[in-house]
Amino acid sequence: MSAPTDRPPCPPPLPLSRSLDELGLTAVLLFLVVSVTRWLRAPSSPIYVADLGIALAVIGAFSGLLLVALILSPPGRRSGGHMNPAVTAALWLMDVFPGLSVLPYVVAQLTGSVLGVVLARLTWGPIVGSADIAYAAIRPAPTWDPPAVFLAEVGCTLGLILLVGFFLAHPRWHRFLPPALAVALAAIIALLGPLSGGSANPARQWGPALLSAQGTDLWIYLVAPVIGAVLGAGLHHLLIRRFHTHQPLTYNLSGPEPARAGAA
């Protein structure tokens with residue numbers, strides 16, 4: 001019998017249609033995030049929330065529920081419902097996602113990020129580009145310097161990846177992964193949003209930063225989550241060897257891999 005730490009063979013590449021699913025999911029995610037930010041943070045909005053902390057708590061709760069809905073949607077069940085290059089990279093390093101599909105997924109997620117923000121601009125008009133909204137681009141608190149923001153983004157992504165790895169490695173608890181991710185995302189946005197920005201997802205900042213021309217610290221929000229994902233996947237493998245637990249069994253955040261996932 002093979003030891004539980006034996007690494008399985010890399011799965012075959014996924015069809016490009018799965019990447020298109022990721023593009024659509026990420027576009028919907030960013031469109032709705034920009035939309036809820038527009039309604040909560042525009043002073044002219046009838047549901048304007050002046051307090052940034054309260055607004056971010058509401059946005060966090062909304063984003064968590066939205067994430068669950070997208071993961072459990074038909075496209076989410078087909079593609080795995082990542083919508084985050086850091087999650088895709090981590091699942092590859094956990095040996096359940098094909099390496100040849102990482103680049104198509106990441107390109108699709110970043111493209112979907114831009115597309116979702118563009119659709120929000122076309123839907124809501126110039127108001128989403130105003131200083132109050134800035135296309136929902138993430139900004140750290142003035143009191144937080146780049147090293148602090150970098151460490152916060154690495155840390156929250158590392159924790160997110162450990163959470164994903166834990167649930168994927170225990171099939172009997174797999175169904176609780178989407179709500180657990182929702183709670184984690186809501187907490188990250190509510191607690192770190194007013195401080196570091198609370199992204200943990202390069203695709204979350206890519207589109208808003210491009211359209212708002214907000215390049216300051218953009219590299220942190222692109223690089224730090226990936227480093228957190230690498231560290232999280234590495235720590236996951238160490239925990240597997242230490243506690244003799246199972247490898248993640250699927251790249252799909254909603255449940256077991258779809259049948260014939262590698263078929264054209």
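Residues numbered from 1 in each chain as written. Predicted model: local features only at pLDDT ≥ 70, side-chain atom pairs only at ≥ 80, totals over all residues. Heavy atoms only, no water.

### Points about the overall build of the chain
- Counting secondary structure elements, the chain contains nine helices and zero strands.
- The linear arrangement of helices and strands in the chain, starting from the amino end, is α-α-α-α-α-α-α-α-α.
- With the C-alpha coordinates of the chain rotated into their principal frame, the extents come out at 65 × 40 × 30 Å.
- Looking at the chain as a whole, 52% of its 264 residues qualify as buried.
- Within the chain, counting contacts between residues at least 6 apart in sequence, those at least 24 apart form 77% of the total.
- Surface accessibility of the chain: about 11600 Å² in total, with carbon and sulfur atoms responsible for 72%.
- Between the centroid of the 14 positive side chains of the chain and the centroid of its 10 negative side chains there is a distance of 8 Å. (Helix = DSSP H or I, 4+ residues; strand = E, 2+ residues; numbered from the N terminus. Buried < 20%, exposed > 50% of the residue type's maximum accessible area, 1.4 Å probe, protein only. Contact = heavy atoms within 4.5 Å. Areas by Shrake-Rupley, 256 points an atom, 1.4 Å probe, with all protein chains shown as cover. Lys, Arg positive; Asp, Glu negative; His and termini not counted. Charge placed at Lys NZ, Arg CZ, Asp CG, Glu CD.)

### A short note on the packing of aromatic side chains
- Taken as a whole, this structure holds six aromatic pairs when the rule is applied.
- Ring geometry for phenylalanine 166 versus phenylalanine 167: centroids 5.4 Å apart, planes at 90°, classification edge-to-face.
- For phenylalanine 166, a relative accessible area of 38% puts it in the partly exposed group.
- When the ring centre of tryptophan 39 is taken as reference, the NZ or CZ atom of arginine 38 above it lies at 3.8 Å.
- When the ring centre of tryptophan 173 is taken as reference, the NZ or CZ atom of arginine 172 above it lies at 4.4 Å. (Phe/Tyr/Trp six-rings, centres within 6.5 Å; stacked < 30°, edge-to-face > 60°. Lys NZ or Arg CZ within 6 Å of the ring centre and 35° of its normal.)

### Notes on helix α7 (residues 177–192)
- The end-to-end C-alpha distance of α7, which contains 16 residues, comes to 22 Å, matching closely the 22 Å that a straight helix rising 1.5 Å per residue would cover.
- Here the buried face of α7 lies against α2 (52–72) and α6 (146–168). (Expected span 1.5 Å × (residues − 1).)

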